[in-house]
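Structure at a glance
So you can see what is in the structure, the chains are spelled out below.
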Amino acid sequence: MPKLIVIASGNAHKTREIQALLGDGFECRTLNDYPDAPEVEEDASTFAGNAVKKALSLVDWLKHEEDLTEGWVLADDSGLEVDCLDGAPGVRSARYASGTHEGNSPDEANNAKLLAELRSKPQHQRAARFRCVMALARTGTYAHPQLFDGTCEGHIAEAPAGSKGFGYDPLFVPENFEDTFGTLGAEIKGMLSHRAAALRKMKEWLEAN
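Since this is a predicted model, take the numbers as computed values, not measurements.

Thresholds, definitions, all that
Residues numbered from 1 in each chain as written. Predicted model: local features only at pLDDT ≥ 70, side-chain atom pairs only at ≥ 80, totals over all residues. Heavy atoms only, no water. Pairing = 2+ DSSP bridges. Helix = DSSP H or I, 4+ residues; strand = E, 2+ residues; numbered from the N terminus. Axes fitted to C-alpha atoms, helices over the stretch in contact; angles between N-to-C directions. Disulfide = S-S within 2.5 Å. Buried < 20%, exposed > 50% of the residue type's maximum accessible area, 1.4 Å probe, protein only.

**Examining the sheet that holds strand β1 (residues 3–7)**
If you trace the 6 strands from one edge of the open sheet to the other, you get β2-β1-β3-β4-β5-β6, paired in mixed fashion. Among the strands making up the open sheet, the edge pair consists of β2 (26–30) and β6 (172–174). The average undirected angle you get between the axes of adjacent strands in this sheet is 35°. When strand β5 (residues 146–156) meets β6, the two strands line up antiparallel, connected through 3 bridges.

**Overview of the state of the cysteines**
Two cysteines joined by a covalent bond between their sulfur atoms form a disulfide. Scanning all chains against the criterion turns up 0 disulfides. C152 supplies the cysteine sulfur nearest to C84, a cysteine that is in no disulfide, at a spacing of 18 Å. Taking relative accessible area as the criterion, C84 reaches 30% and is therefore assigned partly exposed. Unpaired in this structure, C132 has its nearest cysteine sulfur neighbour in C152, at a distance of 12 Å. Residue classification places C132 among the buried positions, given a relative accessible area of 0%.

So, in structure tokens, the structure goes:
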């Protein structure tokens, strides 16, 4: 019987990546299956802090509003860290262009701001990485979630390339490649990405527990 995982996200791109990587042994539901679940302000200073906050909030709501006590809740926070920008956009990756905690900025706006910040920087000063931290919490309990992290090293291109993927994918060139994730597509990204690395660790842990 598949293990139930409720993903604390309504992002269709992210959900498809997670379901594909976990495989048929897992039944994934999302916030789209629970439209009344409360929104969580992602105001922590770290990826782990935001992931834990989202996971425990959803565990609490599912227990009291849906009487769901079997399965798992999975929450993640991820983003892009650029070395010469002292790790920015970091936890503000999705709202980089807006500069606030409230609501995400359009991908195009975030990409445009990043390119402006890096204007005139040579490639060796454009080192960056995608980082993901996942928090996995058992439904019906308030134990501290298990944390799994993953990174993907690379650099920022001088201009967007490719229409595949989402977020900063058109700008990010993974290590040992010459094309962006926006050009390389989902299959290669699925092997290399920060989320894939974290998910592999999580899947191995779940299969052992």
